[in-house]
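Each chain is listed here by its residues.
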Amino acid sequence: MTANQQSHEEQDRQDRQGQQDVTRRKVVVAGAGAVAAVGLGGAMAANAFAAEQREKTGDGSAPLPEECYLLTSVAMEGPYYIDADKIRQDVTEDKEGIPVTLRLKVIDSETCRPVRDAAVDIWHCDAVGVYSGYEDMGNGDGGPAPTAPPPTGDPSGPPPGGGHQEPTDDTRYLRGTWRTDRQGFVTFRTVFPGWYQGRCVHIHLKVHVNGEWTDAGYEGGTTCHTGQLYFDEESVLASAEVEPYASNTAERTTLDEDFIYDGNGARGGLLKLRYDPRDIAKGVRASLTVGVDPEATNEG
């Protein structure tokens, strides 16, 4: 054996030893992470383990999200819901505003399985705080506020005006219903909501299950979830620099001041946002995993 061959063999041996060391380090790091998880709290570790077990024994689908076992907060419907008469993904119509692609994943909070073929409703105000179907109500600036805290300050109570209000006109912009796919995903195209007196920036949400999709739309079933989706303050402040939001003169309620948002982050409906902080007007991608109880009935 030549000296050159001996040198190559020695290098190969060192490379193999290095790979083994890396593997051992990975095992040690993983073990330390597991110990840290236990230290952070038994409930967190138990939930993570349960999710891992479900993934191992499941149907071979993609890995389940960490938050899959969380039930998303329910919230009041508000007075301006109009039942599923626009089956569509693009709800913008001719409304001006920052483009938003809203992508939700609806899952069963107990099993972590996607909720397929559900009907998901969204509706929200335009850039200056006005809801379609209720334009006469204005945005709270010189007219009645669409929703404000009840006199008792109890977020579970009905809004002033006796709960649901009948539409005052035929407009239906920024409203729509669409179907979740096999993975539980549903995507809408809309615009960044504005604000009105008494509420932070938000989108209303309903999830309907066990109904039937027909040529006419979605029929029957039950509403298993009524909630609201929220935008962080940084994004709202950035939007307020852009027209037509800059023309909205209604007093703005911050996320922390809002009487419905429960402060629980993603579990409370706070959206995950992606946009260029130098130019939010280019558009926003918003997403959230929504954990629901398909056996529940929650009309809001």
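The structure this text deals with has already been given above.
About the criteria used
Residues numbered from 1 in each chain as written. Predicted model: local features only at pLDDT ≥ 70, side-chain atom pairs only at ≥ 80, totals over all residues. Heavy atoms only, no water. Helix = DSSP H or I, 4+ residues; strand = E, 2+ residues; numbered from the N terminus. Buried < 20%, exposed > 50% of the residue type's maximum accessible area, 1.4 Å probe, protein only. Contact = heavy atoms within 4.5 Å. Areas by Shrake-Rupley, 256 points an atom, 1.4 Å probe, with all protein chains shown as cover. Salt bridge = Lys/Arg side-chain N within 4 Å of Asp/Glu carboxyl O. Phe/Tyr/Trp six-rings, centres within 6.5 Å; stacked < 30°, edge-to-face > 60°. Lys NZ or Arg CZ within 6 Å of the ring centre and 35° of its normal. Pairing = 2+ DSSP bridges. Axes fitted to C-alpha atoms, helices over the stretch in contact; angles between N-to-C directions.

K.L.:
Sorry, what's going on with the overall build of the protein here?
P.N.:
Per the secondary structure count, the protein includes three helices and 10 strands. Its helices and strands in sequence order give the protein the pattern α-α-β-β-β-β-β-β-β-β-α-β-β, from N to C terminus. Counting over 300 residues, the protein shows a buried share of 44%. Sequence separation of 24 or more characterises 79% of the internal contacts of the protein that already satisfy a separation of 6 or more. As displayed, the protein has an accessible area near 15600 Å², and 49% of this comes from carbon and sulfur atoms.

K.L.:
Explanation requested: the pattern of salt bridges in the structure shown.
P.N.:
Charged atoms that come close allow side chains of opposite charge to pair. One pass over the full model with this rule turns up nine salt bridges. We note a salt bridge from Asp 276 to Arg 278, for which the minimum N-O separation is 3.1 Å. Connected through salt bridges with shared partners, the residues Asp 276, Arg 278 and Lys 282 form a single ionic network.

K.L.:
Help me out: how do you make sense of the packing of aromatic side chains in this one?
P.N.:
Centre distance and the angle of the planes are the two values used to describe a pair of aromatic rings. Going through the model one piece at a time under the given rule, you end up with eight aromatic pairs. With a centroid separation of 5.5 Å and an interplanar angle of 45 degrees, the aromatic rings of Tyr 80 and Tyr 131 are classed as tilted. Here the residue Tyr 80 occupies a position in the loop between helix H2 (42–56) and strand S1 (99–108), and Tyr 131 occupies one in the loop between strand S2 (119–123) and strand S3 (175–179), the gap between them amounting to 51 residues. Here Tyr 80 matches Tyr 131 in class, with each residue buried. By the ring-pair criterion, three or more aromatic residues cluster together here, those being Tyr 80, Tyr 131, Tyr 134 and Tyr 196. Lying across the ring of Phe 185, Arg 103 places its NZ or CZ 3.9 Å from the centre. When the ring centre of Tyr 81 is taken as reference, the NZ or CZ atom of Lys 206 above it lies at 5.0 Å.

K.L.:
What's the story with the sheet that holds S3 in this structure? I'm lost.
P.N.:
Strand pairs in the sheet, formed through backbone hydrogen bonds, run parallel or antiparallel to each other. Strand order in the open sheet formed by four strands is S3-S2-S5-S8, and the pairing between neighbours is antiparallel. With partners counted over all chains shown, the strands left at the sheet margins are S3 and strand S8 (222–230), one partner each. Ignoring strand direction, the axes of neighbouring strands in this sheet form an average angle of 20 degrees. In the sheet, S2 pairs with S3 via five bridges, with the strands oriented antiparallel. The partner of Val 120 across the bridge, within S3, is Trp 178.

K.L.:
Explain the sheet that holds S1 to me, please; I cannot follow it from the model alone.
P.N.:
Within the open sheet, the four strands sit side by side as S4-S1-S10-S9. Their pairing is mixed. At either margin of the open sheet sits one strand with a lone partner, and together these are strand S4 (185–191) and strand S9 (272–274). Averaged over neighbouring strand pairs, the angle between their axes works out to 20 degrees when direction is ignored. In the sheet, S1 pairs with strand S10 (residues 284–292) via nine bridges, with the strands oriented parallel. Opposite Val 106, over in S10, you have Val 290 as the bridge partner.

K.L.:
Please clarify how the pairing of S8 should be interpreted in this entry.
P.N.:
A regular strand carries its side chains on alternate faces of the sheet. Buried residues dominate S8, accounting for eight of its nine residues. In the sheet, strand S5 (residues 202–209) pairs with S8 via eight bridges, with the strands oriented antiparallel. Within the sheet, the bridge partner assigned to His 202 lies in S8 and is Tyr 230.

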